[in-house]
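Results of the structural survey
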Amino acid sequence: MNDENRLLLPEAPATGSASRPAWRRFATTHRRSLIVAGILLAFLVLAWLLKPHSTQPAGGGRFAGGGPMPVVTARATTGDMPITLIGLGTVTPLATVTVQSQISGQIMHIFFKEGQTVKAGDPLVQIDPRPYQVALEQAQGALARDKALLANARVDLDRYQTLFAQDSIAEQQLATQKSLVAQYQGAVLTDQGQIDAAKLNLTYAHIVSPIDGRVGLQQVNVGNYVTPAEPNGLVVVTQLKPISVVFTLPEDEIPPLLQQMHGGAALPVTAWDRSNTHQLASGTLQSIDSQIDTTTGTIRLKSLFANDDERLYPQQFVNVVLLLDTLHGATLIPQAGVQRGAPGTYVYVVNADQTVSVRQVTVGPGDASSITITAGLKPGDTVVVDGADRLKDGAKVLVRQGGAARPGAGAAAHPGSDAGPPAPGQQRQGGRRHSQPGSSGGS
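Now for a description of the structure that goes with this document.

1. Some remarks on the side chain of glutamine 126
The residue glutamine 126 is located in strand E6 (residues 123-127) in this model. Here the side chain of glutamine 126 touches alanine 205 through a polar contact of 3.2 Å, landing on its backbone oxygen. Not counting the four nearest positions on each side in its chain, glutamine 126 is found in contact with Gln106, Ile107, Met108, His109, Phe111, Ala205 and His206.

Here's what the structure looks like:
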């Protein structure tokens, strides 16, 4: 019975590896290979996620599929462009006088106030004149005495000459009398010289300003005893109107400068403050030094300013702009329209079909806003002044009109204008001119 029942019962499921799924058996067998493959796959996914992906359509590049490029344009115009030289200068007075006393004495009175403007001949200091007045009176007394002695000696000489003619006296006595007359004549001349010296000392006791100008700080006070050897003098008087500015330019600028000067041109000069934002004064070039400084390779020039408003002050540092020449009827475009790259110096010209073409140009002098084009462009051409970094030759553009170069825009650098001086990018400090006409201006 037991055997029959056993045959009817279902068989128990088998245990062991034969009962597991095939994928589990595969994973168990190739566990190490699967781990390595998983790590490699993770690295590939991470690298794909970190790689930047372009949002532009494939094959189009940055110039394709985006429609016309919006740009700002300006028209080339005709105007005047000044050519200027820039140098660093120092305001130098035409005359600076340290007033000294020419006599010794006590100061009785000071007539000026510190910083006062004086004219030539205005009183400055009064020195006690009494000792020199006494000396004058003594010299006058000696002169009167010696004149009387001279007159008596001349009378005796006339008498001796008569007696000698009558052979009544010896010739030696007559000669002695003649010598006495000559001695008294010398004494009279000496006395007169002492009188003149005493009068001159009286004049020196009253010290006046030798020039028109402004007095500085006083070095002495009332009651001080002064001598002609005062180390700092009594006061310094400095001429302010007119005044000069001495500045330097590189030696390379001498030939065109001399050409203008030999032609009789009066070259305008303007002085600007150290920040190049305010014009201080306008004047003219007066002279050029006779030699070049070999240590710096520069030459000194002097310009003259009326300085009626006294905006230029002695020893002040200023930026000097010298107008060398002016180009009339030049082709002008904004500075932003000029591009520099592999082709050299070029512009993007907008064509009638709203496309742009690259055109090489030759640039000339310029200022902070405009630059001259000497070749490659003509007035009326439209150039791109904003958005050129996204363009290439033949690209389609959407034109937005910008500010065109005005005729005479370069007048901002003209002396006497209210605009600021030329930007350092076009006129570098130390006398460098704008880029020369005919230069390529490449990068």
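2. What about the packing of helix H4 (residues 130-165) against helix H5 (residues 171-204)?
The contact between H4 and H5 brings their axes to 8 Å, and the two run at 160 degrees. Between H4 and H5, the angle falls in the class roughly antiparallel. Seen along the crossing, H4 lies across H5 with a hand that is left-handed. The class makeup of the residues in the contact of H4 with H5 is 21 nonpolar, 9 polar and 8 charged.

3. Here's the deal with the sheet that holds strand E7 (residues 206-208)
Note: strands within a sheet are paired through backbone hydrogen bonds, in either parallel or antiparallel orientation. Pairing in this open sheet of 4 strands is antiparallel, and the strands run E7-E6-E4-E9 from one edge to the other. The open sheet is flanked by E7 and strand E9 (225-226), the only strands paired with a single partner. As defined by bridge partners, strand E4 (residues 105-110) adjoins E6 across 3 bridges and the pair is classed as antiparallel. Note that in E6 the partner of isoleucine 110 across the bridge is valine 125.

4. Thoughts on the packing of aromatic side chains
Inspection of every chain in the model, using the stated rule, returns 1 aromatic pair. An angle of 90 degrees between the planes, with centres 5.7 Å apart, marks the rings of tyrosine 346 and tyrosine 348 as edge-to-face. Using a relative accessible area of 12% as the deciding quantity, one classes tyrosine 346 as buried.

5. Considerations on the environment of alanine 187
Tracing the sequence through the fold places alanine 187 in helix H5. Spatially, the C-alpha atom of alanine 187 lies 8.8 Å from that of leucine 150, the residues being 37 residues apart in sequence.

6. A word on the sheet that holds strand E10 (residues 235-238)
Ordered in space as E3-E10-E8-E5, the 4 strands form an open sheet in which the pairing is antiparallel. The open sheet terminates on both sides in strands that have one partner only, identified here as strand E3 (96-99) and strand E5 (117-118). As defined by bridge partners, E3 adjoins E10 across 4 bridges and the pair is classed as antiparallel. For valine 97, the partnering residue across the bridge sits in E10 and is valine 237.

7. Things to note about H5
Between its first and last C-alpha, H5 extends 50 Å over 34 residues, near the 50 Å set by a 1.5 Å rise per residue. Among the residues making up H5, those that are buried are Leu174, Gln177, Val181, Tyr184, Val188, Asp191, Ile195 and Ala198. Looking at the buried side of H5, the elements it contacts are H4.

8. A short note on helix H6 (residues 254-262)
Of all the positions in H6, only Ile254, Pro256 and Leu257 are classed as buried. The secondary structure elements touched by the buried residues of H6 are strand E11 (243-250), strand E13 (279-288), strand E14 (298-305) and strand E15 (317-334). Positioned one or two residues after H6, glycine 264 has a phi angle of 85 degrees, which is positive.

9. Some points on the side chain of aspartate 367
Examined against the element boundaries, aspartate 367 turns out to sit in the loop between strand E19 (362-366) and strand E20 (370-375). Overall, aspartate 367 belongs to the buried group, its relative accessible area being 1%. A distance of 3.0 Å separates a polar atom in the side chain of aspartate 367 from the backbone nitrogen of serine 369.

10. Side note on the pattern of salt bridges
This structure, assessed with the given rule, holds 9 salt bridges. Here aspartate 381 ties to arginine 359 by a salt bridge, and the two come within 3.1 Å at their closest N and O atoms. Of this pair, aspartate 381 sits in the loop between E20 and strand E21 (382-386) while arginine 359 sits in strand E18 (residues 356-360), and the two are 22 residues apart along the sequence. The exposure class of aspartate 381 is buried, given its relative accessible area of 10%.

11. Comments concerning the layout of surface pockets
Taken as a whole, the second largest pocket spans an internal volume of roughly 190 Å³. Listing elements by their share of the lining of the second largest pocket, those giving two or more residues are E3, H5 and E7. For the lining of the second largest pocket, the leading source of residues is E7, giving 3 residues. Class assignment of the residues belonging to the lining of the second largest pocket gives a composition of 6 nonpolar, 6 polar and no charged.

12. Points about unusual backbone geometry
A cis amide bond, omega -5 degrees, links lysine 241 with the succeeding residue proline 242. As for its position among the elements, proline 242 is in the loop between E10 and E11. Residue glutamate 310 is not a glycine yet carries a positive backbone phi of 55 degrees. Position of glutamate 310 relative to the elements: it lies in the loop between E14 and E15. When its relative accessible area of 23% is taken as the criterion, glutamate 310 is described as partly exposed. For glutamine 315, which is not glycine, the phi dihedral falls at a positive 70 degrees. Relative to the assigned elements, glutamine 315 resides in the loop between E14 and E15.

What counts and what doesn't
Residues numbered from 1 in each chain as written. Predicted model: local features only at pLDDT ≥ 70, side-chain atom pairs only at ≥ 80, totals over all residues. Heavy atoms only, no water. Helix = DSSP H or I, 4+ residues; strand = E, 2+ residues; numbered from the N terminus. Polar contact = N/O pair within 3.5 Å; in protein donor to acceptor, adjacent residues only side chain to side chain. Contact = heavy atoms within 4.5 Å. Axes fitted to C-alpha atoms, helices over the stretch in contact; angles between N-to-C directions. Parallel < 35°, antiparallel > 145°, perpendicular 65-115°, else oblique. Left-handed = near helix turned anticlockwise from the far one by under 90°. Nonpolar A, V, L, I, M, F, W, Y, C, P; charged D, E, K, R; others polar. Pairing = 2+ DSSP bridges. Phe/Tyr/Trp six-rings, centres within 6.5 Å; stacked < 30°, edge-to-face > 60°. Buried < 20%, exposed > 50% of the residue type's maximum accessible area, 1.4 Å probe, protein only. Expected span 1.5 Å × (residues − 1). Salt bridge = Lys/Arg side-chain N within 4 Å of Asp/Glu carboxyl O. 1 Å grid on protein atoms, 1.4 Å probe; cavity = no way out; pocket = protein on both sides within 12 Å on 5 of 7 lines; lining within 4 Å. Points joined across faces, edges and corners; volume = space filled by probe spheres on them.

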